[in-house]
Amino acid sequence: MKRKTNFEVIDGIRIFLCSSLIFWAMAPLNMLSFGFNTILCALLYIGLTYIMLRKFIGHSFEIAFFIISGFFWTELFIFFIDVRGTLNVIMSPIFWIYSIILTIAAYKYKSPALIILLVASWIYFIFWGHLQWLDFRCKNLTLYDFYIKNM
C-alpha cells in the first residue's frame, strides 16, 4: 500500500464513495437482522477507517469527515422523509460514528486503554444499549412488528 502525506479532493471523493458503497451494500441486510447489520457495518467502517489512516498520514479529520458523510447523506435524506421511523434506528449511525472516532483515537494514540474502551463499548452497545433504545422507542412493538411485518 502506497502511503501519502497529501490529501486531495479526489481522495475524499473516493473515501466518500467507498463509505456510501458499504452503506448501500449492507442496507438489504437491515430487513433480515437489524442488529447484525449495525455490527457488520461498524466493522466495515472500522476497517475502512484503519486502511485510510494508514494510507493518508496525518489526515484523520478529513478521513472521518468523508467516511461519515458517505453514509450520513442517505440517513439525513431518510430522516427528512420519515422522522418517527428514523428515530427507532438512530442508534446505528451513532454507533458507526462512535466506532470511527474510537478507531482514529486508538490508531493515533496507540493506547491499550482506548482499545479496551472500544471493545467494552461495543459489548455494551450490542447487548444492552441498542436493546434499551429499542425498548424505549418501541414500547408496544414486538420483534415481529419491528422486523418481519414490513417485509
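Here the structure is a predicted model, which means the values were calculated and not measured. (Residues numbered from 1 in each chain as written. Predicted model: local features only at pLDDT ≥ 70, side-chain atom pairs only at ≥ 80, totals over all residues. Heavy atoms only, no water.)

Q: Any chance you could explain the overall build of the protein here in plain terms?
A: Scanning the protein from N- to C-terminus turns up eight helices and zero strands. Traced from its N-terminal end to its C-terminal end, the protein shows the element sequence α-α-α-α-α-α-α-α. Here the protein holds 151 residues, and 38% of them are scored as buried. For the protein, the share of sequence-separated contacts (at least 6 apart) that also reach a separation of at least 24 residues comes to 73%. Element-wise, carbon and sulfur atoms account for 73% of the exposed surface of the protein, whose accessible area totals about 9400 Å². (Helix = DSSP H or I, 4+ residues; strand = E, 2+ residues; numbered from the N terminus. Buried < 20%, exposed > 50% of the residue type's maximum accessible area, 1.4 Å probe, protein only. Contact = heavy atoms within 4.5 Å. Areas by Shrake-Rupley, 256 points an atom, 1.4 Å probe, with all protein chains shown as cover.)

Q: What should I look at first to understand a nonpolar patch on the surface in this one?
A: A grouping of Ile115, Val119, Ile123, Tyr124, Phe127 and Trp128 is seen on the molecular surface, where their side chains present a nonpolar patch of about 630 Å² in accessible area. Take isoleucine 115: it is sitting in helix H7 (residues 112-137). (Patch = residues over 30% accessible without salt bridge, like charges linked within 9 Å, V, L, I, M, F, W, Y side chains within 5 Å. Salt bridge = Lys/Arg side-chain N within 4 Å of Asp/Glu carboxyl O.)

Q: Sorry if this is basic, but what is going on with helix H1 (residues 9-26) here?
A: Every α-helix winds through 3.6 residues per turn, so residues three or four apart in the chain are directed the same way. Compared with the 26 Å implied by 1.5 Å per residue over 18 residues, the 26 Å span of H1 between its first and last C-alpha is a close match. All buried positions along H1 are accounted for by Asp11, Gly12, Ile15, Ser19, Ser20, Ile22, Phe23 and Met26. Looking at the buried residues of H1, the elements they touch are helix H2 (29-32), helix H3 (34-55), helix H4 (60-81) and helix H6 (91-109). (Expected span 1.5 Å × (residues − 1).)

Q: What exactly am I supposed to notice about the environment of tryptophan 24 here?
A: The residue tryptophan 24 is located in helix H1 in this model. The spacing of tryptophan 24 and phenylalanine 71 is 47 residues in sequence and 8.4 Å in space, taken between C-alpha atoms.

Q: In this structure, what is going on with unusual backbone geometry? I would like to understand it.
A: Glycine aside, residues mostly have negative phi angles, and peptide bonds mostly take the trans form. Phi at lysine 110 is positive, roughly 50 degrees, even though this residue is not glycine. Note that lysine 110 resides in the loop between H6 and H7. Given a relative accessible area of 58%, lysine 110 falls into the exposed group.

Q: What exactly am I supposed to notice about the packing of aromatic side chains here?
A: Given two aromatic rings, their pairing is described by the distance between the two centres and the angle made by the two planes. Summed over the entire model, instances satisfying the criterion amount to 11 aromatic pairs. Note on phenylalanine 7 and phenylalanine 56: the rings are 5.2 Å apart at their centroids and 75 degrees apart in plane angle, and the pair reads as edge-to-face. Of this pair, phenylalanine 7 sits in the segment before H1 while phenylalanine 56 sits in the loop between H3 and H4, and the two are 49 residues apart along the sequence. We note that phenylalanine 7, like phenylalanine 56, is buried. Arranged with centres 5.7 Å apart and planes meeting at 90 degrees, the rings of phenylalanine 23 and tryptophan 24 form a pair that is edge-to-face. Of the residues examined, phenylalanine 23 reaches a relative accessible area of 9% and is grouped as buried. Through a chain of ring-to-ring contacts, three or more aromatic side chains come together here, namely Phe23, Trp24, Tyr45, Phe71 and Trp96. Positioned above the aromatic ring of tyrosine 107, the side-chain terminus of lysine 110 is 4.3 Å from the ring centre. (Phe/Tyr/Trp six-rings, centres within 6.5 Å; stacked < 30°, edge-to-face > 60°. Lys NZ or Arg CZ within 6 Å of the ring centre and 35° of its normal.)

Q: What am I meant to see in H6 here?
A: Between the first and last C-alpha of H6 there are 26 Å, a value that for 19 residues agrees with the 27 Å anticipated at 1.5 Å per step. Taken together, the buried positions of H6 are occupied by Met91, Ser92, Pro93, Phe95, Trp96, Ser99, Ile100, Leu102, Thr103, Ile104, Ala105 and Ala106. Backbone geometry just after H6 places lysine 110 at a positive phi near 50 degrees.

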